[in-house]
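Observations on the model geometry
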Amino acid sequence: MKTLIVIVAVLLASTSWAVRACRPSDRAALLAFKASLHEPYLGIFKSWTGTDCCHKWYGVSCDQGTRRVADINLRGESEDPIFERAKRTGYMTGTISPAICRLTRLSSITIADWKGISGEIPRCISNLPFLRILDLIGNKLTGPLPSDIGRLQRLTVLNVADNQISGPIPESLTKITSLMHLDLRNNKISGKLPQDFNRLTMLSRALLSKNMLTGPIPASISQIYRLADLDLSLNQLSGPIPASLGKMAVLATLNLDCNNITGTIPPSLIVSGISNLNLSRNDLHGFIPNVFGPRSYFTVMDLSFNRLRGNIPSTISSASYVGHLDLSHNHLCGKIPVGSPFDHLEASSFTFNDCLCGKPLRAC
């Protein structure tokens with residue numbers, strides 16, 4: 001009788017373990033994903049052994065209810081003890097295998113800052129219906145973004161910065177109405193910005209600097225109520241600055257430097273909630289709007305390397321705060337106003353203009 005009880009107990013325990021273990025198909029997909037990568041220094045994949053991929057497989061998390069793989073979190077720069085022991089950051093080569101798409105319950109994919117992972121983003125990633133985070137920053141990925149990436153209707157974070165991704169921004173991207181953080185910086189993305197950018201109603205950060213984007217800045221961007229950070233610098237954008245950008249409710253950072261933007265500076269930008277404004281190295285002309293007031297609060301205002309002319313507006317002294325101000329390399333003329341913020345600015349803020357004078361430059 002005792003023997004029977006022991007056998008039953010063992011069977012129940014093994015059955016319970018089997019229920020708790022990850023699905024064999026998920027384990028197989030992870031091993032296929034691992035097979036296309038090579039990580040020679042840290043040994044992060046040494047823990048990927050045994051039949052239960054939900055138990056102590058480095059960077060893998062599972063849903064406690066379904067025991068399906070829900071998260072892959074592999075960062076090449078981390079404070080994890082494995083990095084501290086090695087006294088180095090991570091380096092990994094290889095490609096992201098399409099086998100990752102067999103993990104159909106994935107909620108987040110982070111394969112970031114490994115510096116050497118190359119190849120294209122698997123197109124099948126667009127078929128992962130529960131994906132909320134796709135973070136592939138800091139690799140050597142090439143090729144285009146998946147054309148049907150708009151199918152990821154739950155996606156909130158798309159970060160592929162610091163890669164070598166090329167091609168246009170997919171038309172379907174603006175269908176991801178849940179998107180909150182878009183980071184495409186430092187790639188080779190070309191073409192125009194989508195005219196229907198305003199469909200991304202939840203977007204709070206749009207970082208697209210250092211690409212090869214051309215054409216005008218869509219005025220529809222100003223309809224994104226939650227947008228706080230817009231960085232379009234270091235592209236080849238042209239045309240005027242939409243005045244409506246200065247009427248956005250929460251926009252705090254606007255970086256448009258190093259483009260081919262023309263026209264004048266919209267006065268709305270001066271009396272907006274923008275505190276970090278960089279319009280340098282464009283082809284802006286006309287006068288600096290003389291509309292500064294108590295609503296004007298700038299930690300940074302950089303208007304250098306344009307074709308601005310006329311006097312420095314006297315109303316700058318009525319701004320709530322102006323920290324860093326750079327008006328150099330323009331065609332400004334006349335006496336530099338006295339008082340704040342001019343009393344703490346250096347000569348480099350005013351050099352290479354036509355005929356500015358007064359402190360901190362030569363006397364008039």
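Residues numbered from 1 in each chain as written. Predicted model: local features only at pLDDT ≥ 70, side-chain atom pairs only at ≥ 80, totals over all residues. Heavy atoms only, no water.

**Thoughts on the overall build of the protein chain**
Looking only at helices and strands, one finds 3 helices and 24 strands in the protein chain. Expected size for 364 residues packed as a compact globule is a radius of gyration near 21 Å; at 27 Å, the protein chain overshoots this value by more than 25%. Principal-axis analysis of the C-alpha atoms places the extent of the protein chain at approximately 105 × 45 × 35 Å. For the protein chain, the residues scored as buried account for 49% of the 364 residues in total. Considering only contacts within the protein chain whose residues lie at least 6 apart along the sequence, 50% involve residues at least 24 apart. When the accessible surface of the protein chain is totalled, it reaches about 16700 Å², and 55% of it is carbon and sulfur. Separation between the mean location of the 37 positive side-chain charges and that of the 26 negative ones in the protein chain comes to 6 Å. (Helix = DSSP H or I, 4+ residues; strand = E, 2+ residues; numbered from the N terminus. Rg over C-alpha atoms; globule rule 2.2 N^0.38 Å. Buried < 20%, exposed > 50% of the residue type's maximum accessible area, 1.4 Å probe, protein only. Contact = heavy atoms within 4.5 Å. Areas by Shrake-Rupley, 256 points an atom, 1.4 Å probe, with all protein chains shown as cover. Lys, Arg positive; Asp, Glu negative; His and termini not counted. Charge placed at Lys NZ, Arg CZ, Asp CG, Glu CD.)

**Structural notes on the pattern of salt bridges**
Two side chains carrying opposite charge are able to pair once their charged atoms lie near each other. Within the structure shown, the criterion is met by 9 salt bridges. For Arg199, the salt bridge goes to Asp196, with nearest N and O atoms at 3.4 Å. (Salt bridge = Lys/Arg side-chain N within 4 Å of Asp/Glu carboxyl O.)

**Some words on helix H2 (residues 24-35)**
With 12 residues, H2 should cover 16 Å at 1.5 Å per step; its first-to-last C-alpha distance of 16 Å lies within 8% of that length. Considered for burial, the residues of H2 that qualify are Asp26, Ala29, Leu30 and Phe33. Projected onto a plane normal to the axis of H2, the buried residues spread over an arc of 100° and lie on a single side. Residues of H2 that are exposed and point over 90 degrees away from its buried face: Pro24 and Ala35. (Expected span 1.5 Å × (residues − 1). Arc of directions from axis to C-beta.)

**Considerations on the sheet that holds strand E11 (residues 188-192)**
Strand order across the open sheet formed by 5 strands is E9-E11-E13-E15-E17, with parallel pairing between neighbours. Every other strand in the sheet has two partners, leaving strand E9 (166-168) and strand E17 (260-261) as the edge strands with one partner each. Sheet topology note: the E11/strand E13 (residues 212-215) ladder contains 3 bridges and is parallel. Residue pairing in the sheet places Lys192 in a bridge with Thr214 of E13. (Pairing = 2+ DSSP bridges.)

**Quick notes on the packing of aromatic side chains**
In this structure the tally under the stated criterion is 7 aromatic pairs. Note on Phe45 and Trp48: the rings are 4.8 Å apart at their centroids and 75° apart in plane angle, and the pair reads as edge-to-face. Judged by centre distance (5.2 Å) and plane angle (35°), the ring pair of Tyr297 and Tyr321 falls under tilted. Remark: Tyr321 occurs in strand E22 (residues 321-326) and Tyr297 occurs in strand E20 (residues 297-302); sequence separation between them is 24 residues. For Tyr297, a relative accessible area of 43% corresponds to the partly exposed category. For Tyr321, a relative accessible area of 38% corresponds to the partly exposed category. In this structure an aromatic cluster arises from ring pairing among Phe33, Phe45, Trp48 and Trp57. Over the face of the ring belonging to Tyr41 we find Arg88, whose NZ or CZ atom lies 3.9 Å from the ring centre. Between Arg281 and the ring centre of Phe305, over which it is positioned, the NZ or CZ distance is 3.8 Å. (Phe/Tyr/Trp six-rings, centres within 6.5 Å; stacked < 30°, edge-to-face > 60°. Lys NZ or Arg CZ within 6 Å of the ring centre and 35° of its normal.)

**Digging into the sheet that holds strand E5 (residues 108-112)**
An order of E2-E3-E5-E7-E8-E10-E12-E14-E16-E18-E20-E22 is seen for the 12 strands of this open sheet, with the pairing classed as mixed. Two strands in the sheet have a free side with no partner beyond their single neighbour: strand E2 (60-62) and E22. Between one strand axis and the next, the sheet turns by 10° as a mean value, whatever way the strands run. Both E5 and strand E7 (residues 133-135) contribute to a ladder of 3 bridges, which runs parallel. Bridged to Ile109 within E7 is Leu134. Across the face of the sheet, H2 comes into contact with E2, strand E3 (69-75) and E5 while running at roughly 20° to E3. (Axes fitted to C-alpha atoms, helices over the stretch in contact; angles between N-to-C directions.)

**As for the pairing of strand E23 (residues 331-335)**
Examined bridge by bridge, strand E21 (residues 307-310) and E23 share 2 bridges and lie parallel to one another. Paired with Arg309 across the two strands is His331, which belongs to E23. Direction of pairing for E23 relative to strand E24 (residues 355-357): parallel, over a ladder of 3 bridges. Looking at E24, one finds that Cys333 is bridged to Cys355.

**Things to note about the environment of Gly293**
The topology assignment puts Gly293 in the loop between strand E19 (285-286) and E20. On the basis of relative accessibility, which here comes to 11%, the residue Gly293 falls in the buried class. A sequence separation of 28 residues divides Gly293 from Tyr321, and the C-alpha atoms of the two residues are 9.6 Å apart.

**A closer look at the state of the cysteines**
Per the counting criterion, the structure on display carries 5 disulfides. With its sulfur 2.0 Å from that of its partner, Cys101 forms a disulfide with Cys124. Every disulfide takes its handedness from the sign of the S-S torsion; for Cys101 and Cys124 that torsion is 75°, giving right-handed. Taken as a pair, Cys101 in the loop between strand E4 (92-95) and E5 and Cys124 in the loop between strand E6 (115-118) and E7 lie far apart in primary sequence, 23 residues in all. A residue is classified by how much of its surface remains accessible, and Cys101, at 13% relative accessible area, is buried. Linked covalently through their sulfurs, Cys357 and Cys364 form a disulfide whose S-S length is 1.9 Å. Because the sign of the S-S torsion sets the handedness, a value of about 95° for the bond joining Cys357 and Cys364 places this disulfide among the right-handed ones. If you count the bonded cysteines of the protein chain from the N-terminus, they pair up as 1-2, 3-4, 5-6, 7-8, 9-10. (Disulfide = S-S within 2.5 Å.)

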